[in-house]
Amino acid sequence: MKKAVYPGSFDPPTYGHLDIITRASSVFDELVIAIMKNPKKKSAFTEEERIEMLRKITRDLPNVSVVVGHGLTVRFAHSIGAQVLIRGIRAVMDYEYELQQATANMYLDDSIETVFFVARPRFSFLSSSVSKEIALNNGDLSKFIPEAIIEEVEQELNPLKKKIRL
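Q: How should the overall build of the protein chain be read in this particular structure?
A: Helix and strand content of the protein chain: 6 helices and 5 strands. Ordered by position in the sequence, the α and β elements of the protein chain form the string β-α-β-α-β-α-β-α-β-α-α. Computed over C-alpha atoms, the radius of gyration of the protein chain comes to 16 Å, within 12% of the 15 Å expected from 2.2 N^0.38 for 166 residues, which places it in the range of a compact globule. Its C-alpha atoms give the protein chain principal-axis dimensions of roughly 50 × 30 × 30 Å. Partitioning the intrachain contacts of the protein chain with sequence separation of at least 6 by distance along the chain shows that 74% fall at a separation of at least 24. Per element, the accessible surface of the protein chain, about 9600 Å² overall, is 54% carbon and sulfur.

Q: Even after reading the chapter, I still don't get the packing of aromatic side chains, so can you show me in this structure?
A: Two descriptors summarise a pair of aromatic rings, namely the distance from one centre to the other and the angle between the planes of the rings. Taken as a whole and assessed by the stated rule, the structure comprises 4 aromatic pairs. Ring geometry for Tyr-95 and Phe-116: centres 6.3 Å apart, planes at 65°, overall edge-to-face. Here Tyr-95, found in helix H4 (residues 92–108), pairs with Phe-116, found in strand E5 (residues 113–118); they are 21 residues apart in sequence, far enough to count as distant. Given a relative accessible area of 40%, Tyr-95 falls into the partly exposed group. Using a relative accessible area of 30% as the deciding quantity, one classes Phe-116 as partly exposed. An angle of 85° between the planes, with centres 6.0 Å apart, marks the rings of Phe-125 and Phe-144 as edge-to-face. With Phe-125 in the loop between E5 and helix H5 (128–136) and Phe-144 in the loop between H5 and helix H6 (147–157), the pair connects residues that are 19 residues apart, well separated along the chain.

Q: Explain the pattern of salt bridges here, please?
A: Between side chains of opposite charge, a pair can form when the charged atoms approach closely. The tally for this structure, following the rule as stated, stands at 8 salt bridges. Among the ionic pairs, Glu-152 bridges to Lys-56, the shortest N-O distance being 2.5 Å. On the criterion of sequence distance, the pair formed by Glu-152 in helix H6 and Lys-56 in helix H2 (residues 47–57) is long-range, its members being 96 residues apart. Glu-152 gets classed as partly exposed once you look at its relative accessible area, which sits at 25%. Each of the salt bridges in this network shares a partner with another, and the network as a whole consists of Asp-19, Arg-23 and Arg-120.

Q: Where do I start with the packing of H2 against H6 in this structure?
A: Running from amino to carboxyl end, H2 crosses H6 at an angle of 160°, the nearest separation of the two axes being 9 Å. By the angle between their directions, the pair H2 and H6 is classed as roughly antiparallel. Here Glu-49, Met-53, Lys-56 and Ile-57 of H2 lie close against H6, whose contacting residues are Ala-148, Ile-149, Glu-152, Val-153 and Glu-156. Tallied by class, the residues present in the contact of H2 with H6 amount to 5 nonpolar, no polar and 4 charged.

Q: What should I look at first to understand helix H1 (residues 15–27) in this one?
A: Helical periodicity: at 3.6 residues per turn, an α-helix aligns residues three or four positions apart in one direction. The end-to-end C-alpha distance of H1, which contains 13 residues, comes to 19 Å, matching closely the 18 Å that a straight helix rising 1.5 Å per residue would cover. The set of residues buried in H1 consists of Gly-16, His-17, Leu-18, Asp-19, Ile-20, Ile-21, Arg-23, Ala-24 and Ser-25.

Q: Please explain H6 as it appears in this structure.
A: Within H6, burial applies to Ile-149, Ile-150, Val-153, Glu-154, Glu-156 and Leu-157. For H6, the angular spread of buried residues about the axis comes to 160°, placing them on one side. Residues of H6 that are buried in the fold lie against H2 and H5.

Q: I keep staring at the nonpolar core and nothing clicks. Help me out?
A: Considering soluble globular proteins, one finds that nonpolar side chains tend to be buried as a cluster. Ranked by internal contacts, the top residues of the largest apolar core, which has 33 residues, are Ile-21, Leu-31, Leu-54, Ile-86 and Val-153. At the level of elements, strand E1 (3–8), H1, strand E2 (30–36), H2, strand E3 (64–69), strand E4 (84–89), H5 and H6 are the ones that each hand at least two residues to this core. Once residues within four sequence positions are removed from consideration, Leu-54 is found in contact with Phe-10, Pro-13, Ile-21, Ile-33, Ile-35 and Val-66. Of all hydrophobic cores here, the second largest spans 10 residues; its members include Val-5, Val-74, Phe-76 and Ile-112.

How each quantity is defined
Residues numbered from 1 in each chain as written. Predicted model: local features only at pLDDT ≥ 70, side-chain atom pairs only at ≥ 80, totals over all residues. Heavy atoms only, no water. Helix = DSSP H or I, 4+ residues; strand = E, 2+ residues; numbered from the N terminus. Rg over C-alpha atoms; globule rule 2.2 N^0.38 Å. Contact = heavy atoms within 4.5 Å. Areas by Shrake-Rupley, 256 points an atom, 1.4 Å probe, with all protein chains shown as cover. Phe/Tyr/Trp six-rings, centres within 6.5 Å; stacked < 30°, edge-to-face > 60°. Buried < 20%, exposed > 50% of the residue type's maximum accessible area, 1.4 Å probe, protein only. Salt bridge = Lys/Arg side-chain N within 4 Å of Asp/Glu carboxyl O. Axes fitted to C-alpha atoms, helices over the stretch in contact; angles between N-to-C directions. Parallel < 35°, antiparallel > 145°, perpendicular 65-115°, else oblique. Nonpolar A, V, L, I, M, F, W, Y, C, P; charged D, E, K, R; others polar. Expected span 1.5 Å × (residues − 1). Arc of directions from axis to C-beta. Core = buried A, V, L, I, M, F, W, Y, C linked by side-chain atoms within 4.5 Å.

This is how it looks when you write it as structure tokens:
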């Protein structure tokens, strides 16, 4: 049984993420989406909010689960018995970064393979950062993030729709 991990911040998850998740879940027996902490990024959503959003958009994929991971991604993958790391590539810039990460991971644990999924052209520009910028400026998110989580993203990021938190 092949188990793969798709690590990322997913802050928020986009159609690009969902496309990679759907494609990877059709290739591997089990896919674990791991929300990993990135000390270089300040998250707009809590881990719990991201878990809930990812569960909503993957509810029809029975072999997909969502967890929070800690530490080095390759060590986390090893700790849950995964043999593969899934990474998405949108452009040459992504490839260069991901190649460095994959090579470092080989040095850390050569039993974990990295598999790259190339973004579909319609998602090649898409990122969580772009989605957040659109939400912050009251733009239409319908082409960027799944419909099931648009309201949550707008409530958190759109100043015109933001709830008052107590």
